[in-house]
Structures are given as C-alpha cells and as structure tokens.
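# Fold and geometry: a report
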Amino acid sequence: MSKLGSIGARLHRGEISYDFIGKRKIWYGVSILITITAILGLAVRGLNMSIDFQGGAVFTTPNHMSTSVAQAETYAKDASGHEAVVQKLGNGSLRIQIAGVDTAESDKIKDNLAKDLKLNPEKLAADLVGPSWGQQIANKAWEGLAIFMVLVVIYLAIAFEWRMAIAALVALIHDITITTGIYALVGFEVSPGTIIGLLTILGYSLYDTVVVFDSLKEQTKDITRQTRFTYSEIANRSINGTLVRSINTTVVALLPVAGLLFIGGGFLGAGDLNDISLSLFVGLAAGAYSSIFIATPLVADLKEREPAMKALTKRIMAKRAQAASEEDLTTGGDDPEDAAPAVVGPRNQPSTRGRGRGRQAGKRR
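Quick caveat, the model's predicted, so the values are computed rather than measured.

## Remarks on the packing of aromatic side chains
The tally for this structure, following the rule as stated, stands at five aromatic pairs. In this structure, Lys23 is placed above the aromatic ring of Tyr18, and the distance from its NZ or CZ to the ring centre is 5.2 Å. A cation sits over an aromatic face here: Arg237 above Phe229, 4.9 Å from the ring centre.

This is the structure in structure tokens:
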C-alpha cells in the first residue's frame, strides 16, 4: 500500500485526524478575506467581457502568419482606434477581436488591417457579433444558475436536511465569487466558454460536499443515544474519513483540465478551450476547499445550536469531567514522596539463615 493510501486508511479508521472543525474560525476568516478581495476586484476592475457580450468585429488571418501578436495589436488599434484582443491560433493564424464597431466601420477596418498585414482583403475573414446575442447568453446563464441553486437546495433538504442545504448553497456561492473575482483581478476575458465552465464547476463542488454530508448523515444516526462524541467531533471524523478521497478526486479532475489550460490554451492557442479550462481549474480548486473547510464546519455550527445537541454536548462534557476527576482520585491518592521506598533485589527475599534455624529447632524437638 502506498504512503498516501496508508494515511487514508488511518484517517478513515480514526487513528489519526486533523481538527478541521475546531479550527473553523481560521478557515472562515481565510474565506472571508478571499471573498472580500474578490468582491473588491469585481467592484474596482470589473469583468473583461469578450466581444460576444459587447458586440464588434472578429478578423481571422490565413494560416502561418509571420506577424507577431504585439504587432497585430498595434495594427488593429491604428486601423480602428479601439483596443484589440489578438490570439495566436494553433494553425499559425491570428484572431483579432475589436469591440464596439458596426458594419460600416468593420469594412473600413478590414481594408486598413489587410494593408498593414500585407494581405489581400479577400483573405482576411471578417465576422460581426451583435451585443444582443451575448446578452441572451448572459440571461440564460443567470436563469440556469438560479434554477440549479433552487434544485440543489430542494434536493439536499429532502435527502439530508435544511442545514446541509444552506451550507452547500453558501459553499457554491463562495466558489462562484472566488472564481469570478480571480477573473476580474487578473483580467482574464469572460466569454461564453467561461460561463459554461462556471456552471460546470458547481457540479464538481457539490459532489465533494455531498460525499462528506453522506458520511456525516450515516455516522450521526441516533447520535443522542450515545455519550461518547459530540456532533462537531463526528463531523470532524467525517471530513478526515473522506479527506483522501476528496483530494484524489480533485487531483484527477484537475489533471485533464490543466492539460487543456496549459497545453491546449498555452501551446495550441485554442481560445475557447482556454476560457473553459481556466474557469474549471480555478473553480475545482475552490470547490475542494469549500467542501472541506466551509460546508461541513458550517453544518456543525448550525447543528450545535439545536437544544438536543446542546444537551448532548453538556452530558458528554459532564461525563468527561467526572471521568477525569475519578482518574485524578485514583492516581493521586498516594503521594510518591510519602510512600515507603520500594525494596528490590535480595531484600525482598526471605532470609535463608532464618529458615535454617527453623529446621534445626524442629530437629531438636
């Protein structure tokens, strides 16, 4: 068995553990700090929306262009008077996006751009994108997100309980906020592929959360009939028991996404793949974090507020205090300094000289 597998088995059996629940205030603080940073990034810098949402023109050059991306950006800005986004595609062609231009401007820009690139204007493909299409995509995305959230809350409330549904909802909002905040802070372009990636990561995040919740539900069945563990302690055991599984699932999911991001997007220049894989990569990491450090600790906080759980915790603490007191009485009754020193070695043995005298006295009788 590998070292990681051995650690996972020991975590599952409860032989070793990390106190996630006991240190939950630290994780809450870290999450609040990251979330505030993401919100500030959204408020100050905003999202860099792609041409699909703003409308404009897209020009695609023939294959194997010798012009660099920086040169193409300069040519496009000179030809249009607007900032341009240029991508080098895998076949060597350039994709030039210029937002905020109409049909009349597009024809003029095409001629000037072809002249700078030393191309025949007929070989420079031009496509116009209307802003209404991007607005429809955004509206559909918001509708899909709202429907997904409602269905998640209803399902978890039925399958588990309403506290777990609230915790899962908070974790999902946490993941979306962090992902969109990173896009705003770094300046990544938000395209329809990004929206698809954001909707996809919700399923991954929810999967990790439900795995822990299922273990927690099983272990807390008839919890009030025992006086060994509090709800928070059992919740911590559930996290530790599924920790290695969550890590393995996340790593296995991140590996192909990283391949899409760094190979497909970085080397091949695939723009759509880059948009989708980037949101997936950030969202998967945030989802794994929230399922361990946010969702389950929040459930424990909510459950510990119940009168039954408060009474259980009180009984357990009283039992432990009584056991500790009895142990102190048992081990502390004799003071080692007052006790007689232990006699070891020959002093513990009966005197052989005395036994000899006794035998001689018996013979005399």
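## A short note on helix 7 (residues 162-186)
Across its 25 residues, helix 7 extends 36 Å between first and last C-alpha, which sits within 8% of the 36 Å expected from 1.5 Å per residue. Where helix 7 terminates, the next one or two residues include Gly187, which has phi positive at roughly 90 degrees.

## Details of unusual backbone geometry
Phi is positive for Lys118, which is not a glycine, with a value near 60 degrees. Inspection of the secondary structure assignment puts Lys118 in the loop between helix 5 (103-116) and strand 5 (125-129). Positive phi, normally seen in glycine, also occurs at Asp222, with a value near 55 degrees. Tracing the sequence through the fold places Asp222 in the loop between helix 8 (192-219) and helix 9 (231-267).

## So, the pattern of salt bridges
Using the criterion set out here, one finds six salt bridges in the structure. Notably, a salt bridge pairs Glu161 with Arg163, separated by 2.8 Å at the nearest N-O pair. Judged by its relative accessible area of 17%, Glu161 falls in the buried class. Where Lys303 meets Glu161, a salt bridge forms, and the shortest distance between an N and an O atom there is 3.6 Å. Separated by 142 residues along the polypeptide, Lys303 in helix 10 (residues 271-303) and Glu161 in the loop between helix 6 (131-159) and helix 7 bring together distant segments of the chain. Assigned by exposure class, Lys303 and Glu161 land together as buried. Several salt bridges converge on common partners, so that one network encompasses Glu161, Arg163, Lys303 and Glu306.

## Re the nonpolar core
In this structure, Leu156, Met164, Phe213, Leu216, Tyr231 and Val299 are the most contacted members of the largest nonpolar core, which totals 37 residues. Counting only elements with at least two residues in this core, the list comes to helix 6, helix 7, helix 8, helix 9, helix 10 and helix 11 (307-331). Residue contributions to this core peak at eight residues, all from helix 10. Among the nonpolar cores identified, the runner-up in size contains 18 residues, and Ala76, Ile98, Val101 and Leu119 belong to it.

## Some remarks on a nonpolar patch on the surface
On the surface, Ile26, Val30 and Ile34 cluster together into a nonpolar patch covering about 220 Å² of accessible area. Along the chain, the position of Val30 falls in helix 2 (residues 24-44).

## With respect to the packing of helix 7 against helix 8
Packing of helix 7 against helix 8 leaves a shortest axis separation of 10 Å and a crossing angle of 145 degrees. Regarding helix 7 and helix 8, the two cross each other, and that crossing is right-handed. On helix 8, the residues touching Met164, Ala167, Ala168, Leu172, Asp175, Ile176, Thr179, Thr180 and Tyr183 of helix 7 are Thr194, Leu198, Ile201, Leu202, Ser205, Leu206, Thr209, Phe213 and Leu216. Split into classes, the residues belonging to the contact of helix 7 with helix 8 amount to twelve nonpolar, five polar and one charged.

## Observations concerning the packing of helix 2 against helix 7
Interaxial distance between helix 2 and helix 7 falls to 8 Å at its minimum, and their mutual angle equals 45 degrees. In terms of orientation, helix 2 lies oblique with respect to helix 7. Classified by chirality, the crossing of helix 7 by helix 2 is left-handed. Residues Ser31, Ile34, Thr35, Thr37, Ala38, Ile39, Gly41 and Leu42 of helix 2 lie in contact with helix 7, whose contacting residues are His174, Thr177, Ile178, Thr180, Gly181, Ala184 and Leu185. Of the residues in the contact of helix 2 with helix 7, the class split is seven nonpolar, eight polar and no charged.

How each quantity is defined
- Residues numbered from 1 in each chain as written.
- Predicted model: local features only at pLDDT ≥ 70, side-chain atom pairs only at ≥ 80, totals over all residues.
- Heavy atoms only, no water.
- Phe/Tyr/Trp six-rings, centres within 6.5 Å; stacked < 30°, edge-to-face > 60°.
- Lys NZ or Arg CZ within 6 Å of the ring centre and 35° of its normal.
- Helix = DSSP H or I, 4+ residues; strand = E, 2+ residues; numbered from the N terminus.
- Expected span 1.5 Å × (residues − 1).
- Salt bridge = Lys/Arg side-chain N within 4 Å of Asp/Glu carboxyl O.
- Buried < 20%, exposed > 50% of the residue type's maximum accessible area, 1.4 Å probe, protein only.
- Core = buried A, V, L, I, M, F, W, Y, C linked by side-chain atoms within 4.5 Å.
- Patch = residues over 30% accessible without salt bridge, like charges linked within 9 Å, V, L, I, M, F, W, Y side chains within 5 Å.
- Areas by Shrake-Rupley, 256 points an atom, 1.4 Å probe, with all protein chains shown as cover.
- Axes fitted to C-alpha atoms, helices over the stretch in contact; angles between N-to-C directions.
- Left-handed = near helix turned anticlockwise from the far one by under 90°.
- Contact = heavy atoms within 4.5 Å.
- Nonpolar A, V, L, I, M, F, W, Y, C, P; charged D, E, K, R; others polar.
- Parallel < 35°, antiparallel > 145°, perpendicular 65-115°, else oblique.

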